[in-house]
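Working through the structure, step by step
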Amino acid sequence: MFHQLNQTLAATDALLASAYPGDDGRRQAVHTAYVPADQFSFDTAQHWGQEALNTVRQQGGMSQIAELAVDSTADPEYRDQLATLVERKLTNEPVEDLRIDFEDGYGRRNDAEEDQHATAAAQQVAKALQEGTAPPFIGIRFKCLEADLRVRGLRTLERYLATLTELTGELPPSTMLTLPKVTTVDQVKAMNDVTAALESGLGLAEGVLRYEVQVETPQLIISADGRSTVADVVHAGQGRISSLHYGTYDYSASLGIAAAYQSMEHPAADFAKNVVLTAVAETGVHFSDGSTNILPVGDPEQVRDAWQLHARLVGRHLRRGIYQGWDMHPAQLPTRFMATFDFFNRSLASAVDRLERYMRTEHSGIMDEPATAKALARYILRSIACGAADPTQMQHRIGLDRLALQHLASTGLVPESAS
């Protein structure tokens, strides 16, 4: 009977193993900062951090950010602790993921100018890697595969990668590539062919070139035949798609939403993001929210209002299970990290306690299952990765090093070494 059952379910077993492998343990940045290609240099991340700190000081200090971004009922000592963590973050790692933009933030230039900027971008990234100023993730957003832009976009991509690999001798593992305005599965299949050809031409290992897809068109959410195309896109990537990114304004405009009401929290945006979040579940593909174009610039009141809005939006998408978003200006970094650190620290003690009980199979007021244990472990790992939690303290408290915690996050099983 069991032999027959295994044969009947063989296809299902294979599908689950290949299409839904679960979280692969990769670090996910809490944000992506976008910089026009002609404004990028090897120390851009440090300049963003310094500009963010300068803005904070001009506005009265980090405690002001904590008052705006953290619930007013929070203990003042807790807010001070977050302020210290954020100031340290802006000094040591102000940008986690940086995208050198050759698309909307860059516009259309003549070929000679864009060629020059593509080469210069790769040279500056190579220098950043050598100098130790590169953020953990860095790469380019090239132009989309629509008919009038695809040649230019792919020419920039090829030039950037060729220059970068020539200067570094390899494809840096921090490399990120972003494909915008994807509308159909065929565009993803075409991008697979492009990356395979680039690997062959540049002497790279097969499958090493991965890319992000920007969800900016309603056709990806619901296609002409009523299907959720974005789910097909994830699997059509054949392991090459690393992340999906929601494009707030292109998507909203495509629906005909008036400019004044285009927002990360519009009901139409929530619908699209819920579909995407479902599509990427257990696939190992990350998902990022978009941006707000209300920037913390101008007079003090405008800055405070923009900070308050940004902090609220960041906290909102974190609570909805979206752990990354876009930042378009250095002054958004303080509220990005304050809201993020608050999100992770506010429930960190509870997550640690629940995971400890789960590991010891203790009964308490909350009965957790392996799926929840995986989520708790991932939550703690994310807290450590972004700097919201101290890894040494977490290891001492839980009794697991990072590798063991990653095993628990992946499987829901307590490592034998912790038994």
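The following refers to the structure shown. (Residues numbered from 1 in each chain as written. Predicted model: local features only at pLDDT ≥ 70, side-chain atom pairs only at ≥ 80, totals over all residues. Heavy atoms only, no water.)

Quick notes on helix α3 (residues 44-58)
Because each turn of an α-helix spans 3.6 residues, side chains separated by three or four positions end up pointing in the same direction. Definition in use: Secondary structure counts use DSSP, requiring at least four H or I residues in a row for a helix and at least two E residues in a row for a strand, with both numbered from the N terminus. A helix is expected to span 1.5 Å for every residue after the first. Any residue under 20% of the maximum accessible area for its type is buried, any over 50% is exposed, and the rest in between are partly exposed; the area is computed with a 1.4 Å probe on protein chains only.
Given a rise of 1.5 Å per residue, 15 residues ought to cover 21 Å, and the 21 Å separating the end C-alpha atoms of α3 matches this to within 8%. All buried positions along α3 are accounted for by Thr-44, Ala-45, Trp-48, Gly-49, Ala-52, Leu-53, Thr-55 and Val-56. Gly-60 sits one or two positions beyond α3 and adopts a positive phi of about 110°.

Description of the sheet that holds strand β7 (residues 286-288)
Stated precisely, the cut-off is as follows: Strands were regarded as paired on the criterion that DSSP finds at least two bridges between them. Convention adopted: a line fitted to C-alpha atoms gives each axis, helices being fitted over their contacting stretch, and angles between N-to-C directions are expressed from 0 to 180 degrees.
If you trace the 8 strands from one edge of the open sheet to the other, you get β7-β6-β5-β4-β3-β2-β1-β8, paired in parallel fashion. For this open sheet the edge positions go to β7 and β8 (325-327), each flanked by a neighbour on one side alone. Along the sheet, successive strands turn relative to each other by an average axial angle of 30°, direction set aside. In the sheet, strand β5 (residues 211-215) pairs with strand β6 (residues 241-246) via 5 bridges, with the strands oriented parallel. Counterpart to Gln-214 in the pairing with β6 is His-245.

Focus: helix α5 (residues 76-92)
Applicable threshold: Throughout, the arc means that of the directions going from the helix axis to the C-beta atoms. Think of a polar contact as two N or O atoms within 3.5 Å of one another; within protein, one of them needs to be a possible hydrogen donor and the other a possible acceptor, and neighboring residues in sequence only count if both atoms come from side chains.
Taking 1.5 Å per residue, 17 residues should reach 24 Å; α5 reaches 24 Å between its end C-alpha atoms and fits that length. Every buried residue of α5 is listed here: Tyr-78, Arg-79, Leu-82, Ala-83, Leu-85, Val-86, Lys-89 and Leu-90. Around the axis of α5, the buried residues are gathered within 170° of arc, so they sit on the same side. Those residues of α5 that are exposed and aimed more than 90 degrees away from the buried face are Glu-77, Thr-91 and Asn-92. Where α5 begins, one side-chain oxygen reaches toward the backbone nitrogen of Glu-77, 2.7 Å away; that side chain belongs to Asp-75.

So, the pattern of salt bridges
Close approach of charged atoms allows side chains with opposite charge to pair. Worth spelling out the cut-off: Every case where a carboxyl oxygen of Asp or Glu lies within 4 Å of a side-chain nitrogen of Lys or Arg is listed as a salt bridge.
Applying the stated criterion across every chain, the model contains 33 salt bridges. The salt bridge involving Glu-356 is made with Arg-397; its shortest N-O contact spans 3.3 Å. Residue Glu-356 is located in helix α14 (residues 348-359), and its partner Arg-397 is located in helix α16 (residues 391-398); the two are separated by 41 residues in the primary sequence. Accessibility expressed as a relative area gives 12% for Glu-356, which makes it buried. If you follow the salt bridges from partner to partner, you end up with Asp-111, Glu-114, Asp-115, Lys-143, Arg-152, Arg-155 and Arg-159 in one network.

As for the pairing of strand β3 (residues 137-141)
Threshold: By convention, orient the strands away from the viewer: a clockwise path from the first strand over the helix to the second makes the crossover right-handed.
With 5 of 5 residues buried, β3 is to be regarded as a mostly interior element. In this structure, strand β2 (residues 97-101) lies alongside β3, joined through 5 bridges in parallel fashion. From the neighbouring strand, Arg-99 faces β3, where its bridge partner is Gly-139. Of the strand pairs in this sheet, β3 and strand β4 (residues 175-179) are connected by 4 bridges, and their pairing is parallel. Within β4, the residue paired with Ile-140 across the bridge is Leu-177. The β-α-β motif built from β3, the intervening helix α7 (residues 150-168) and the parallel element β4 has right-handed crossover chirality.

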